[in-house]
Amino acid sequence: MKLTDALLGEHAVLHDLFGHVRETAAKSGDIGEIRGAVAVLERLLLSHARTEETLLFCQLDSHLGQVGPLGVMRAEHRGIDDLLAAAGSATDIAALKATVNELLDLAQGHFQKEEGVLFGMAEQVLGEAALNELGDQWATARGVILAGAGPACAGSSEAG
Ligand SMILES: [Fe+2]
Ligand SMILES: [Fe+2]
């Protein structure tokens, strides 16, 4: 499986979580409940961004350079980090809600750029074989067993 397909799968789960956090921030009057939703988002979003930077962006540096689209993507990751930190330290519920909405707008716009532009560029410049190799590294890092790669599959085919 190509790394870009794996990252799109992570985006799909995060899109759902964005909706949940936006809805919680809009409806809840409980600062603890909103903070709890943001804490889950923070954990998954930081892990996703770290995975992108260590597996994909560093491979693209020599092709795309560190400015241009990659510079924008890295700057947006830092912007997301800053807004997560601001949400974590907000003590006023109105300020927290405003920060959460700003965070979600930035993250959703960022995902659209990756899905619409960056991942397509990655497929063009890296090619399928390299992306499949990076997909294997993604599976190892994420603890996912790819079909045909794990002993459970070999064992079940022998038993069958
Ligand atoms: Fe990203
Ligand atoms: Fe992403």
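Structure report, in brief. Please read all numbers here as calculations on a predicted model, not as lab measurements. The residue count restarts for each chain, going from 1 along the sequence in the order it is written. Ligands are numbered from 1 and chains lettered from A, in the order in which they are written. Local features in a predicted model are, by the rule used here, given only for residues with pLDDT of at least 70; side-chain atom pairs are given and counted only at 80 or more, and totals for whole chains, interfaces and linings are based on all residues. To obtain the side-chain values, all non-hydrogen atoms of the structure were used and water was disregarded.

### Side note on the overall build of the protein chain
Note the threshold: Secondary structure elements are taken from DSSP: a helix is a run of H or I of four residues or more, a strand is a run of E of two residues or more, and numbering for both begins at the N terminus. Burial here depends on accessible area, computed with a 1.4 Å probe over protein chains only, as a share of the maximum for the residue type. Under 20% is buried, over 50% is exposed, and the range in between is partly exposed. Contacts were defined at the residue level, with two residues in contact if any of their heavy atoms lie within 4.5 Å. The convention is simple: Lys and Arg are positive, Asp and Glu are negative, and His and the chain ends are not counted. For charged residues, the charge sits on one atom: NZ in Lys, CZ in Arg, CG in Asp, CD in Glu.
Along the backbone of the protein chain there are five helices and zero strands. Sequence-ordered secondary structure for the protein chain, helices as α and strands as β, is α-α-α-α-α. Projected onto its principal axes, the C-alpha positions of the protein chain cover 55 × 45 × 20 Å. Going through the 160 residues of the protein chain one by one, you find that 38% of them count as buried. Sequence-distant contacts, at least 24 apart, represent 79% of the contacts inside the protein chain between residues at least 6 apart. Separation of charge centres in the protein chain, based on 11 positive and 23 negative side chains, amounts to 5 Å.

### Considering the coordination of the iron ion (ligand 1)
Threshold: Metal coordination here is assigned from N, O and S atoms located within 2.8 Å of the ion, or within 3.2 Å for Na, K and Ca; omission of water means that sites may look incomplete.
Around the iron ion (ligand 1), the protein contributes the donor atoms Glu-52 (OE), His-77 (NE2), His-110 (NE2) and Glu-114 (OE), which lie 2.0 to 2.2 Å from the metal centre. Sequence positions of the residues that donate to the iron ion (ligand 1) give the spacing E-x24-H-x32-H-x3-E. Metal-to-metal, the separation of the iron ion (ligand 1) and the iron ion (ligand 2) is 3.3 Å; Glu-52 coordinates the two. Note that Glu-52 is positioned in helix α2 (residues 31–64) and His-77 in helix α3 (residues 69–89), a separation of 25 residues in sequence. One exposure class covers both Glu-52 and His-77, and it is buried.

### Description of the coordination of the iron ion (ligand 2)
Spelled out, the test is: Working rule for geometry: tetrahedral if four donors all subtend angles between 85 and 135 degrees; square planar for four, octahedral for six, if opposite donors exceed 155 degrees and the others stay between 65 and 115; irregular in every other situation.
In this structure, His-11 (NE2), His-48 (NE2), Glu-52 (OE) and Glu-114 (OE) serve as the protein donors to the iron ion (ligand 2), at separations of 1.9 to 2.1 Å. Each of the four donor atoms bound to the iron ion (ligand 2) contributes to angles spanning 85 to 177 degrees, and the resulting shape is irregular.

### Things to note about the packing of α2 against α3
To be explicit about the condition: Between N-to-C directions, angles span 0 to 180 degrees; the directions come from axes that are lines fitted to C-alpha atoms, helices contributing only their stretch in contact. Angle categories are assigned with fixed cut-offs, so that under 35 degrees is roughly parallel, over 145 is roughly antiparallel, 65 to 115 is roughly perpendicular, and the rest are oblique. Take the far helix as the reference: if the near one is turned anticlockwise from it by less than a right angle, the crossing is left-handed, and if turned clockwise, right-handed. When residues are grouped by polarity, Ala, Val, Leu, Ile, Met, Phe, Trp, Tyr, Cys and Pro land in nonpolar, Asp, Glu, Lys and Arg in charged, and all others, Gly among them, in polar.
Running from N to C, α2 and α3 point in directions that differ by 160 degrees, and their axes come no closer than 10 Å. On the basis of their axis angle, the class for α2 and α3 is roughly antiparallel. In this structure, α2 meets α3 at a crossing whose hand is left-handed. Here the contact of α2 with α3 is built from residues that sort into 13 nonpolar, three polar and eight charged.

### Concerning the packing of aromatic side chains
So the rule is basically this: Centres within 6.5 Å are what make two rings of Phe, Tyr or Trp a pair, Trp counting through its six-membered ring; a difference in plane orientation under 30 degrees is then read as stacked, over 60 as edge-to-face, and the rest as tilted.
Enumeration according to the criterion identifies one aromatic pair in this entry. Residues Phe-18 and Phe-111 carry aromatic rings whose centres are separated by 5.1 Å and whose planes lie at 65 degrees to one another, so their mutual orientation is edge-to-face. In this pair, Phe-18 is assigned in helix α1 (residues 3–27) and Phe-111 in helix α4 (residues 93–142), connecting sequence segments 93 residues apart. Like Phe-18, the residue Phe-111 is buried in the burial classification.

### Concerning the pattern of salt bridges
Definition in use: Take a side-chain nitrogen of Lys or Arg and a carboxyl oxygen of Asp or Glu: if they are within 4 Å of each other, that pair is a salt bridge.
Scanning all chains against the criterion turns up eight salt bridges. Notably, a salt bridge pairs Glu-23 with Lys-27, separated by 3.7 Å at the nearest N-O pair. Here the residue Glu-23 and the residue Lys-27 both occupy positions in helix α1, the gap between them amounting to four residues, near one helical turn. Taking relative accessible area as the criterion, Glu-23 reaches 48% and is therefore assigned partly exposed. Arg-78 serves as the salt-bridge partner of Glu-53, at 3.0 Å between the closest nitrogen and oxygen. Taken together, the positions of Glu-53 in helix α2 and Arg-78 in helix α3 put the pair 25 residues apart, joining distant regions of the chain. Residues joined by salt bridges that share partners form a network here, namely Glu-53, Arg-78 and Asp-81.

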